[in-house]
Amino acid sequence: MKRRLETEMLDVLPADDPAAVASRRDLARINAVMRQSAILAGALRTFAQPHVLLDLGGGDGRCLLAAARRLSWRGVRAVIADRQDIVSAKTRTGFAALGWDCVVRQGDVFDAAATMEWGTLVSANLFLHHLDDAALKRLFALLAEKAIGLVACEPRRGALALLASHLVVLLGANEVTRHDAIASVRAGFAAQELTALWPPGWTCLEGRALPFSHLFVARRYGI
Ligand SMILES: C[S@@+](CC[C@H](N)C(=O)[O-])C[C@H]1O[C@@H](n2cnc3c(N)ncnc32)[C@H](O)[C@@H]1O
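Because the structure is predicted, anything quoted here is derived from the model rather than measured.

Asker: Teacher, can you tell me more about the site of the ligand here?
Answerer: Among the 17 residues in the neighbourhood of the ligand, the closest are listed as R24, G57, D82, D108 and N125. Here a nitrogen atom of the ligand sits 3.2 Å away from a polar atom, N or O, in the side chain of R83. Taking 600 Å² as the accessible area of the ligand by itself, protein coverage stands at 95%. For the shell around the ligand, the leading source of residues is helix α2 (residues 18-34), giving three residues. Of the residues that constitute the shell around the ligand, the class distribution is five nonpolar, seven polar and five charged.

Asker: Is there a simple way to explain helix α9 (residues 175-186) in this structure?
Answerer: For α9, built from twelve residues, the straight-helix expectation of 16 Å at 1.5 Å per residue is met to within 8% by its first-to-last C-alpha distance of 17 Å. All of the buried residues along α9 are V176, T177, D180, A181, I182, A183, S184 and V185. Looking at the buried positions of α9, the neighbouring elements they touch are α1 (9-12), α2, β5 (149-155) and α8 (159-166). With a side-chain oxygen positioned 3.1 Å from the backbone nitrogen of V176, the residue opening α9 is N174.

Asker: Looking at this structure, I do not really get the packing of helix α4 (residues 62-69) against helix α5 (residues 89-97). What am I missing?
Answerer: One can describe the packing of α4 onto α5 by two numbers: an axis separation of 10 Å at closest approach and a directional angle of 20 degrees. In this view, α4 runs roughly parallel relative to α5, as classed from their interaxial angle. Crossing of α4 against α5: the hand is left-handed. Where α4 approaches α5, its residues R62, L64, L65, A68 and R69 are matched on the opposing element by T91, G94 and F95. Looking at side-chain class alone, the contact of α4 with α5 contains four nonpolar, two polar and two charged residues.

Asker: Got a minute to help me understand the state of the cysteines in this structure?
Answerer: Note: disulfide means a covalent bond formed between the sulfur atoms of two cysteine side chains. With the rule as written, the count across this model stands at zero disulfides. Of the cysteine sulfurs around C102, a residue in no disulfide, the closest is that of C63, at 13 Å. Residue classification places C102 among the buried residues on the basis of a relative accessible area of 11%. C204 forms no disulfide, and the closest cysteine sulfur to it belongs to C153, at a distance of 16 Å. With a relative accessible area of 22%, C204 lands in the partly exposed category.

Asker: In this structure, what is going on with the pattern of salt bridges? I would like to understand it.
Answerer: For side chains bearing opposite charge, pairing can occur when the charged atoms are close. With the rule as written, the count across this model stands at eight salt bridges. Here R62 ties to D60 by a salt bridge, and the two come within 3.1 Å at their closest N and O atoms. R77 serves as the salt-bridge partner of E117, at 3.3 Å between the closest nitrogen and oxygen. Taken together, the residues span a long stretch of sequence, with E117 in the loop between α6 (109-115) and β4 (121-125) and R77 in strand β2 (residues 77-82) at a distance of 40 residues. Using a relative accessible area of 32% as the deciding quantity, one classes R77 as partly exposed.

Conventions and cut-offs
Residues numbered from 1 in each chain as written. Predicted model: local features only at pLDDT ≥ 70, side-chain atom pairs only at ≥ 80, totals over all residues. Heavy atoms only, no water. Near = heavy atom within 4 Å. Polar contact = N/O pair within 3.5 Å; in protein donor to acceptor, adjacent residues only side chain to side chain. Areas by Shrake-Rupley, 256 points an atom, 1.4 Å probe, with all protein chains shown as cover. Helix = DSSP H or I, 4+ residues; strand = E, 2+ residues; numbered from the N terminus. Nonpolar A, V, L, I, M, F, W, Y, C, P; charged D, E, K, R; others polar. Expected span 1.5 Å × (residues − 1). Buried < 20%, exposed > 50% of the residue type's maximum accessible area, 1.4 Å probe, protein only. Contact = heavy atoms within 4.5 Å. Axes fitted to C-alpha atoms, helices over the stretch in contact; angles between N-to-C directions. Parallel < 35°, antiparallel > 145°, perpendicular 65-115°, else oblique. Left-handed = near helix turned anticlockwise from the far one by under 90°. Disulfide = S-S within 2.5 Å. Salt bridge = Lys/Arg side-chain N within 4 Å of Asp/Glu carboxyl O.

As structure tokens, this is what we get:
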């Protein structure tokens with residue numbers, strides 16, 4: 001299946017549109033079914049605890065919070081970079097209870113990547129697939145300047161995930177989610193596609209993460 005990008009409805013709906021609010025709730029359920037926070041946490045804990053964890057396209061922050069709860073890290077600053085500032089007071093309280101500081105950086109991820117501090121660990125959940133290869137290459141070059149690593153958990157582009165994306169209706173997903181789930185899989189990744197776009201000289205691991213995901217981990221050499 002060839003990679004195909006199309007605009008996702010959640011990216012263009014206003015944050016307070018009822019369909020967008022409902023779709024964010026669907027996304028939390030889908031993240032749970034896909035085991036996204038467990039997969040992310042498993043890869044994040046292969047790094048030493050960072051001072052700053054920058055979550056690209058972090059949305060409402062709930063997925064990162066669920067991953068943070070699986071880690072034994074304290075005193076991390078979680079920077080949630082997203083076009084929309086939609087992290088609730090409850091989610092912020094959840095981070096605070098873990099001893100984490102949660103900051104929203106509203107705007108484009110490219111600005112967040114260009115201005116992050118040296119030694120930042122970067123995460124992305126269901127975000128990289130929004131970008132075409134040229135944009136990914138540009139983003140990766142920016143991240144590689146200052147990050148110690150990237151952990152990204154994305155849709156796997158393949159028959160099983162595509163079938164599952166048609167079944168989100170069984171989770172009660174609304175029209176926005178039903179559209180975006182299928183679009184996400186078509187724009188997802190397979191093989192070593194992300195490694196091929198990352199700058200040379202890093203240690204990269206990439207592959208299937210069951211049941212429906214594609215995990216990419218880039219690590220600065222020697223870290
Ligand atoms: C599928 S959602 C995933 C949200 C979150 N990571 C999660 O797992 O719930 C993708 C997110 O990327 C954000 N987004 C898309 N393009 C962006 C960009 N260029 N810069 C910043 N955020 C972006 C959207 O606003 C949305 O919140």
